[in-house]
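What follows is each chain in one-letter form.
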Amino acid sequence: MSASHDRRAELIAAAVGDELDGAEIAELRELAASDPTIDIEIAELRAMTDTLGRRGPTEPWLEPSPSPDLRERILVATGNSERESEAQGPGTQPSTTQRTTRQRSTRQRSSAGLAAAAAIVGVVVGSGVVLGIDAYRQQPENPPAAITGPPGTLGAYEEIAFTTSVSNVDIEGGLVAHTWGTETVLEMDGISDRGPYEVVLVDRSGAERPSGTFLGSDVTIECRMNAAVLRGEVSEIEIRTSGGTVLARAQLPAAS
């Protein structure tokens with residue numbers, strides 16, 4: 001499923017603020033099924049929001065007004081420039097063509113206007129200290145706690161061992177259990193033949209669940225793939241050549 005960048009960001013922001021309705025929750029889960037970075041972004045933003053609440057400035061907040069030149073640049077970017085209006089003269093109404101062109105230009109520049117506004121809002125000045133995003137990043141002494149647990153724990157990284165059929169191929173990887181399925185994380189060296197190759201998850205009934213494909217490369221291959229099968233149902237992972245030959249295999253322990 002594809003979605004615009006703005007819609008993706010809107011859903012993530014709503015999830016961080018716990019403001020999703022039932023339909024939006026379903027929409028977000030469907031997006032996350034094909035884009036595992038969504039869950040990661042939500043977790044990181046929630047952690048940053050928590051840090052912001054605990055480490056925000058304690059001094060009075062200042063709200064300096066932008067300079068006239070900065071204000072005018074923002075108005076121009078959003079299509080609301082006072083100078084443009086004055087240049088047309090008092091009482092002068094733009095033609096239909098001018099209005100249409102300006103409306104189209106305004107729509108095209110809306111993203112730039114939003115970015116400019118966000119840049120202004122993102123800089124907070126208090127007692128002479130400028131606070132950017134770096135002020136709210138987790139400090140080394142307080143790293144976010146990693147999710148741990150037995151195989152099948154939602155969000156936990158489970159390291160797995162692969163057995164390869166080719167001596168010069170080295171594969172390391174793991175699994176992450178999600179509510180929507182199983183994510184496979186791979187780091188591979190020695191697969192220089194172009195391929196393609198297929199990653200297949202085999203469930204406990206013997207059914208095969210395709211998880212994705214990749215191409216060979218002379219450099220390290222890193223990829224994350226997803227399959228619509230719960231971790232508790234997966235018993236084996238196979239990496240196969242386009243001809244069906246098993247390049248690597250990993251047997252998995254039963255999930256709790």
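Note on numbering: residues in each chain are counted from 1, in written sequence order. With the structure being a predicted model, the display of local features is reserved for residues of pLDDT at least 70 and the display and counting of side-chain atom pairs for 80 or more, all residues being used for whole-chain, interface and lining totals. Water and hydrogen atoms play no part in the side-chain values, which are based on all heavy atoms of the structure.

K.L.:
Let's hear about the packing of aromatic side chains: which residues, and what values?
P.N.:
In this scheme Phe, Tyr and Trp rings, the latter by its six-membered ring, pair at centre separations within 6.5 Å, and the angle between planes marks the pair as stacked below 30 degrees, edge-to-face above 60, and tilted otherwise. Counting across every chain of the model gives one aromatic pair. Taking 5.4 Å as the distance between ring centres and 20° as the angle between the ring planes, the aromatic pair formed by Tyr197 and Phe214 counts as stacked. Of this pair, Tyr197 sits in strand β7 (residues 197-203) while Phe214 is found in strand β8 (residues 208-214), placing the two residues 17 residues apart along the sequence. Pair check on accessibility: Tyr197 and Phe214 agree, each one buried. Strands here mean DSSP runs of E at least two residues long; helices mean DSSP runs of H or I at least four residues long; both are numbered from the N terminus. We call a residue buried when its accessible area falls under 20% of the maximum for its residue type, exposed when it is over 50%, and partly exposed in between, using a 1.4 Å probe and counting protein chains only.

K.L.:
Tell me about the nonpolar core, and name the residues and values.
P.N.:
We call a set of buried residues a nonpolar core when its members are Ala, Val, Leu, Ile, Met, Phe, Trp, Tyr or Cys and they connect through side-chain atoms within 4.5 Å of each other. Phe162, Ile171, Met188, Ile191, Phe214 and Ile239 are the most contacted members of the largest nonpolar core, which totals 24 residues. Within the residue set of this core, elements represented by two or more residues are β5 (170-177), β6 (182-189), β7, β9 (221-227), β10 (234-241) and β11 (246-251). With four residues, β9 is the largest single contributor of residues to this core. Apart from the residues within four sequence positions on either side, Ile191 is in contact with Val169, Ile171, Tyr197, Phe214, Gly216, Ser217, Ile221 and Leu247. Leu11, Ile12, Ala32 and Ile42 belong to the second-largest nonpolar core, a separate cluster that totals ten residues. Only heavy atoms matter for contacts: two residues are in contact if any of them lie within 4.5 Å across the pair.

K.L.:
I'd like a rundown of the environment of Arg8, residues and numbers included.
P.N.:
By secondary structure assignment, the location of Arg8 is in helix α1 (residues 5-16). Overall, Arg8 belongs to the buried group, its relative accessible area being 17%. With 19 residues separating them along the chain, Arg8 and Glu27 place their C-alpha atoms 9.8 Å apart.

K.L.:
Break down α1 for me, with residues and values.
P.N.:
Each α-helix turn comprises 3.6 residues. Residues three or four places apart therefore point the same way. Between the first and last residue of a helix there are one fewer steps than residues, each counted as 1.5 Å, and that sum is the expected span. An ideal rise of 1.5 Å per residue puts 16 Å on twelve residues; α1 measures up with 17 Å between its terminal C-alpha atoms. Of all the residues in α1, the buried ones are Arg8, Leu11, Ile12, Ala14, Ala15 and Val16. Trailing α1 by a residue or two, Asp18 shows a phi angle of about 55°, which is positive.

K.L.:
Kindly report on the sheet that holds β6, identifying the contributing residues and their values.
P.N.:
Only when DSSP finds a minimum of two bridges between them are two strands counted as paired. Pairing is antiparallel in the open sheet, where four strands are placed in the order β3-β5-β6-β9. Each edge of the sheet is formed by a strand with only one pairing partner; in this case those strands are β3 (157-161) and β9. Ignoring which end each strand starts from, the neighbouring axes of this sheet average 25° apart. Bridge analysis of β5 against β6 gives eight bridges, and the strand direction is antiparallel. Among the inter-strand pairings, Val176 is bridged to a residue of β6, identified as Glu183. Lines fitted to the C-alpha atoms define the axes, with helices restricted to the stretch that makes contact. Angles between their N-to-C directions range from 0 to 180 degrees.

K.L.:
Explain the pairing of β8 residue by residue, including any values.
P.N.:
Put simply, side chains in a regular strand alternate between the two faces of the sheet. Sheet topology note: the β7/β8 ladder contains six bridges and is antiparallel. When the sheet's bridge partners are listed, Val199 is paired in β8 with Gly212. Between β7 and β8, which pair antiparallel in sequence order, lie four residues; one of them, Gly206, sits at a positive phi of approximately 95°.

K.L.:
Lay out the sheet that holds strand β4 (residues 163-164) in plain terms, naming residues and giving numbers.
P.N.:
Working definition: the strands of a sheet are paired by backbone hydrogen bonds and lie parallel or antiparallel to each other. Read across the open sheet, the five strands follow the order β4-β11-β10-β7-β8; overall the sheet is antiparallel. At either margin of the open sheet sits one strand with a lone partner, and together these are β4 and β8. With two bridges joining them, β4 and β11 adopt antiparallel strand pairing. Directly across from Thr163, in β11, lies its bridge partner Arg249.

K.L.:
Requested: an account of helix α2 (residues 22-34), with residues and values cited.
P.N.:
Those residues of α2 lying buried are Glu24, Glu27, Leu28, Leu31 and Ala32. Projected down its long axis, α2 carries its buried residues within an arc of 135°, all on one side. Structural note: α2 exposes Gly22 and Ala23 on the side pointing more than 90 degrees away from its buried face. A 3.5 Å cut-off defines polar contacts: any pair of N or O atoms within that distance qualifies, except that in protein one atom must be a possible hydrogen donor and the other a possible acceptor, and neighbouring residues in sequence count only when both atoms are side-chain atoms. Its side-chain oxygen at 3.2 Å from the backbone nitrogen of Ala23, Asp21 defines the N-terminal cap of α2. Note: the arc covers the axis-to-C-beta directions of the helix.

K.L.:
So what's going on with unusual backbone geometry? Which residues, and what values?
P.N.:
Of note, the amide linkage connecting Gly195 to Pro196 takes the cis form, showing an omega dihedral of 10°. Considering the arrangement of structural elements, one finds Pro196 in the loop between β6 and β7. Despite not being glycine, Asp18 shows a phi value in the positive range, around 55°. For Asp18, the position within the fold is in the loop between α1 and α2. By relative accessible area, Asp18 is classed as exposed at 65%.

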